There are 2 protein chains.
Amino acid sequence: FDAASAALARERDASLTKPPGALGRLEDLAIWYAGWRGAPLTALARPQVAVFAGNHGITARGVSAFPAEVTAQMVENFRHGGAAVNQLAAVAGATLTVHALELDRPVADFTLGPAMTEAELVAALRTGWDAVDPEADLLVTGEMGIGNTTSAAALATALWGGDPEGWVGRGTGIDDAGLARKAEVVRAGISANPEALATPLAALRCLGGREIAAMAGAMARARAARIPVLLDGFITCAAASVLARMAPGALDHCLAGHVSAEAGHGKLLERLGKQPLLALGLRLGEASGAALAIPVVRAALACHTGMASFAEAGVSDA
Amino acid sequence: FDAASAALARERDASLTKPPGALGRLEDLAIWYAGWRGAPLTALARPQVAVFAGNHGITARGVSAFPAEVTAQMVENFRHGGAAVNQLAAVAGATLTVHALELDRPVADFTLGPAMTEAELVAALRTGWDAVDPEADLLVTGEMGIGNTTSAAALATALWGGDPEGWVGRGTGIDDAGLARKAEVVRAGISANPEALATPLAALRCLGGREIAAMAGAMARARAARIPVLLDGFITCAAASVLARMAPGALDHCLAGHVSAEAGHGKLLERLGKQPLLALGLRLGEASGAALAIPVVRAALACHTGMASFAEAGVSDA
């Protein structure tokens, strides 16, 4: 983070033809963005939406309203432009990249032991790291993976504590019995993986999934490349939580794109100390909510770079 | 409103490759929009942002942090592309039209009697009516007018009741003494204009301003032309309140683009029964908050028209 660029942006913001603070969060956003990019005047030129897909052994436990084969079918849908995120990325002027992680080899059922081996975890983190376009100037990560709200709830339970009941939600639309089953599966996962509580990475390996690990890898790469990130929903924020629990400030380059309708997401954002830009009741994942927030970033930068100062416009100051 | 088009849109929405309801408010938005346009499949092609400017005799009472000449200076700024709304309209892919209403002839100081004559009110309503592009497929109205949060607070007090203190806010950034002065000016305006309580149009004539009347005229025209409207901030919603108090359902073609940081706006939205799309702490007026929400409408329509159905994409349904 370049404090000098942020200070220059703050100074410019104060000169623009509006009452101080009148653009609300758009002003903070532009200043934050300038600091992360190390540039006082910037426009959004190359946002990237990266969607990661993975499969989960716990789908055998009846935790989802949809069958596991939907993960691969939706990846095809992404590739043919038919999913929500295709439309949302296009509206946002963003490039969409889709990364399927060994869909024919689901991670292991975590109620029976670790979801991934060390090697599998590293490979998934690496896929995420490599997926980031180093020339991107904004990154949104998202996911597709039938069963992964259960995996994310298990991760949240291990990383943040509390009862599984406080972290499970309806996902793609499971009923009350399914919801109770999800909590039981999470509880069984924690019991079967005592090592998950040792370190955040161990939690990710034992309870996560490849797409979740890949998102964590992508967020870490974005930090290294000074690419600001918009966080999507519950599962993305479970991935982000791994980084947050590893190092304080690890998510300073991330903003919350939205708060979803999935029960645990608002709670997770509170733990991460992130206030969402949007709250429109989405609960789809696949980067949709954060992609919808890209135009807010674009607008903040457009105001910051395009507006005239009081002096330039000949407008009397207060 | 064409219920058949809305029903077709609802049916299409249910077929798209997402769990039911997973796009949250985007789904309702697309269905509402289809109903108002009378078309089941639509994209946003021609949104219009119309900004109206007017001056106010009550500026002599010290109700604003900025001098009255700023209204005309900001109109010049709009015309040269230097204001926030220029950047926001561009990001939204919208046409911006600017309408200055007799800036050299402020409406009368309403603490001394009616702000406008009947003829002045009709002319201002007419300006708003004529400003709407009949080919537009979405309308955002906004305003510029030093002193007009005081006028809007007086209008809100007359139309919705309650103490002036409950409706005044800091506008462009007035201090505590100024805030108390605003409430006194509103109280004096209500006392000096007993006829303002007779009808909503009388309230508009006695306590409003030309730009406020023009916004009401534009919203009425949009209704006649079946053009959906996004409402901007406190002053826009004061104008909208005139229509709402004239006829129940008069604002059914309007959504709240955002809720601003101006104290009375959230309260006004409650009275209007409108839930804002955005809440980003803006308090600038000039259509900025609602212009920022245009991409949300664009995204909703893009998902609705561009997504594949389960059958088309070969995705297994729940």
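Here, every reference points to the structure presented above.
To continue, consider the interface of chain B and chain A. Counting residues at the interface gives 50 residues for chain B, matched by 50 residues for chain A. The interface formed by chain B and chain A contains 0 salt bridges. Viewed at the interface, chain A and chain B are joined by 16 residue pairs in polar contact (both at pLDDT 80 or more). Elements with a minimum of two residues in the side of chain B that touches chain A: α2 (25–37), α3 (70–79), α4 (84–91), α12 (288–306) and α13 (310–313) of chain B. For the side of chain B that touches chain A, the leading source of residues is α12 of chain B, giving 8 residues. For the side of chain B that touches chain A, the class distribution of residues is 31 nonpolar, 13 polar and 6 charged.

This part takes up the pairing of strand β3 (residues 138–144) of chain B. All names here are of chain B. Counting buried positions along β3 yields 7 of 7 residues, so the element is predominantly enclosed. In β3, alternate side chains face the same way, and those of L138, V140, G142 and M144 on one face and L139, T141 and E143 on the other are all buried. One ladder, built from 7 bridges, connects strand β1 (residues 47–53) with β3; its direction is parallel. In the strand pairing of β3, V49 is matched with V140.

We now examine the side chain of T42 of chain B. Its location among the elements puts T42 of chain B in the loop between α2 and β1. If sequence neighbours within four positions are ignored, T42 of chain B has contacts with Y33, L301 and T305 of chain B.

By convention here, two paired aromatic rings are described through the distance between centres and the angle between planes. In total, this model carries 4 aromatic pairs over all chains according to the counting rule given. Here the aromatic rings of F1 of chain A and W36 of chain A are separated by 5.4 Å at their centres, their planes lie at 70°, and the arrangement is edge-to-face. Separated by 35 residues along the polypeptide, F1 of chain A in the segment before α1 (3–15) and W36 of chain A in helix α2 (residues 25–37) bring together distant segments of the chain. Taking relative accessible area as the criterion, F1 of chain A reaches 52% and is therefore assigned exposed. Judged by its relative accessible area of 6%, W36 of chain A falls in the buried class. Each ring, one from F66 of chain A and one from F310 of chain B, has its centre 6.3 Å from the other, and the planes form 15°; the classification is stacked. Of the two residues, F66 of chain A sits in the loop between β1 (47–53) and α3 (70–79) while F310 of chain B sits in helix α13, which places them in two different chains. Assigned by exposure class, F66 of chain A and F310 of chain B land together as buried. One residue, K267 of chain A, lies across the ring of W167 of chain A, its end atom 4.3 Å from the ring centre.

Residue and element names in this part refer to chain B. The parallel open sheet is built from 5 strands, whose spatial order is β2-β1-β3-β4-β5. Single-partner strands in this sheet number two, and they are β2 (95–100) and β5 (254–256). Direction aside, the axes of adjacent strands within the sheet are offset by 25° on average. Relative to strand β4 (residues 229–231), β3 runs parallel, the two being bridged by 2 bridges. Looking across to β4, one finds that L139 is bridged to V229.

About the cut-offs
- Residues numbered from 1 in each chain as written.
- Chains lettered and ligands numbered in written order.
- Predicted model: local features only at pLDDT ≥ 70, side-chain atom pairs only at ≥ 80, totals over all residues.
- Heavy atoms only, no water.
- Contact = heavy atoms within 4.5 Å.
- Salt bridge = Lys/Arg side-chain N within 4 Å of Asp/Glu carboxyl O.
- Polar contact = N/O pair within 3.5 Å; in protein donor to acceptor, adjacent residues only side chain to side chain.
- Helix = DSSP H or I, 4+ residues; strand = E, 2+ residues; numbered from the N terminus.
- Nonpolar A, V, L, I, M, F, W, Y, C, P; charged D, E, K, R; others polar.
- Buried < 20%, exposed > 50% of the residue type's maximum accessible area, 1.4 Å probe, protein only.
- Pairing = 2+ DSSP bridges.
- Phe/Tyr/Trp six-rings, centres within 6.5 Å; stacked < 30°, edge-to-face > 60°.
- Lys NZ or Arg CZ within 6 Å of the ring centre and 35° of its normal.
- Axes fitted to C-alpha atoms, helices over the stretch in contact; angles between N-to-C directions.

Purely spatial values, then, with no claim about function.
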